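Chain and residue survey
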Amino acid sequence: QRSDPRTTEESFAADNKKPVGRKRFSQQEIDELYQAFKFFDKDSSGCLSRSELRNMLKSLHGNVENQYVNHVMSQVDLNNDGFISFQEFLIAAQS
């Protein structure tokens, strides 16, 4: 099991305050996003699998096509490891 991804939030929060054209989150917003992330991370791996992403998208948008899930995964999985980390999730949420 991976360590709590919020342990890297201090560095993320520091980067998050830089004006890079993305939304900046307060610590409370980061905590709320982390709770949402954990809710969809059913196996508590610290990352969202393609299946967990599909379930998240279904809860937000109803039935979703494989093509849409693949598109979202390709946009959010920045290191192309097949999983969405909390940091990748935060970056996507800023868009």
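All values reported here derive from a predicted model rather than from experimental measurement. (Residues numbered from 1 in each chain as written. Predicted model: local features only at pLDDT ≥ 70, side-chain atom pairs only at ≥ 80, totals over all residues. Heavy atoms only, no water.)

**Some words on helix α4 (residues 66–76)**
Put simply, the test is: Working definition: with a 1.4 Å probe on protein chains only, accessible area under 20% of the residue-type maximum means buried, over 50% means exposed, and in between means partly exposed. A run of H or I in DSSP counts as a helix once it spans at least four residues, and a run of E counts as a strand once it spans at least two, with each numbered from the N terminus. Throughout, the arc means the angular range of directions from the helix axis out to the C-beta atoms. By definition, residues are in contact when any of their heavy atoms lie within 4.5 Å.
Taken as a whole, α4 has its buried residues at Val69, Val72, Met73 and Val76. Across the axial projection of α4, the buried residues extend over an arc of 100°, all falling on one side. Every exposed residue of α4 that faces more than 90 degrees away from the buried side is listed here: Gln67 and Gln75. Summarising the contacts, the buried residues of α4 are in contact with β1 (47–48), α3 (50–61), β2 (84–85) and α5 (86–94).

**A short note on the confidence of the model for the chain**
The predicted coordinates of low-pLDDT regions are not to be read in fine detail. Basically, it comes down to this: Every residue carries a pLDDT, the predictor's confidence in it, which falls somewhere between 0 and 100.
Looking at the chain, pLDDT values average 84 and 77% of them are 70 or higher. With pLDDT under 50 throughout, residues 7–20 is counted as low confidence; its partners more than four residues away or in other chains account for 17 contacts.

**Remarks on the side chain of serine 49**
By the secondary structure assignment, serine 49 is in the loop between β1 and α3. Taking the relative accessible area as the measure of exposure, serine 49 reaches 18% and is therefore buried. Ignoring anything within four residues of it in the chain, the contact list for serine 49 reads Met73 and Phe83.

**Examining the nonpolar core**
Basically, it comes down to this: What makes a nonpolar core is a set of buried Ala, Val, Leu, Ile, Met, Phe, Trp, Tyr and Cys residues whose side-chain atoms join them at distances within 4.5 Å.
Counting 18 residues, the largest nonpolar core has Leu48, Leu53, Met56, Leu57, Ile84, Phe86 and Phe89 as its most contacted members. Those elements that place two or more of their residues in this core are α2 (27–40), α3, α4 and α5. Leave out the neighbours within four places in its chain, and isoleucine 84 touches Phe37, Cys47, Leu48, Leu53, Met73, Val76 and Phe89.

**So, the packing of aromatic side chains**
Which entries qualify depends on this criterion: Between rings of Phe, Tyr and Trp, where Trp is taken as its six-membered ring, a pair exists when centres lie within 6.5 Å; planes separated by under 30 degrees are stacked, by over 60 edge-to-face, and by other angles tilted.
Under the counting rule described, the total for this entry stands at five aromatic pairs. With a centroid separation of 5.4 Å and an interplanar angle of 65°, the aromatic rings of phenylalanine 37 and phenylalanine 86 are classed as edge-to-face. Pair noted here: phenylalanine 37 is in helix α2 and phenylalanine 86 is in helix α5, with a separation of 49 residues, a long-range link. Given a relative accessible area of 1%, phenylalanine 37 falls into the buried group. On the accessibility criterion, phenylalanine 86 (2% relative accessible area) is buried. Between phenylalanine 39 and phenylalanine 40 the ring centres are 5.0 Å apart and the planes differ by 85°, which places this aromatic pair in the edge-to-face class. For phenylalanine 39, a relative accessible area of 53% translates into the label exposed.

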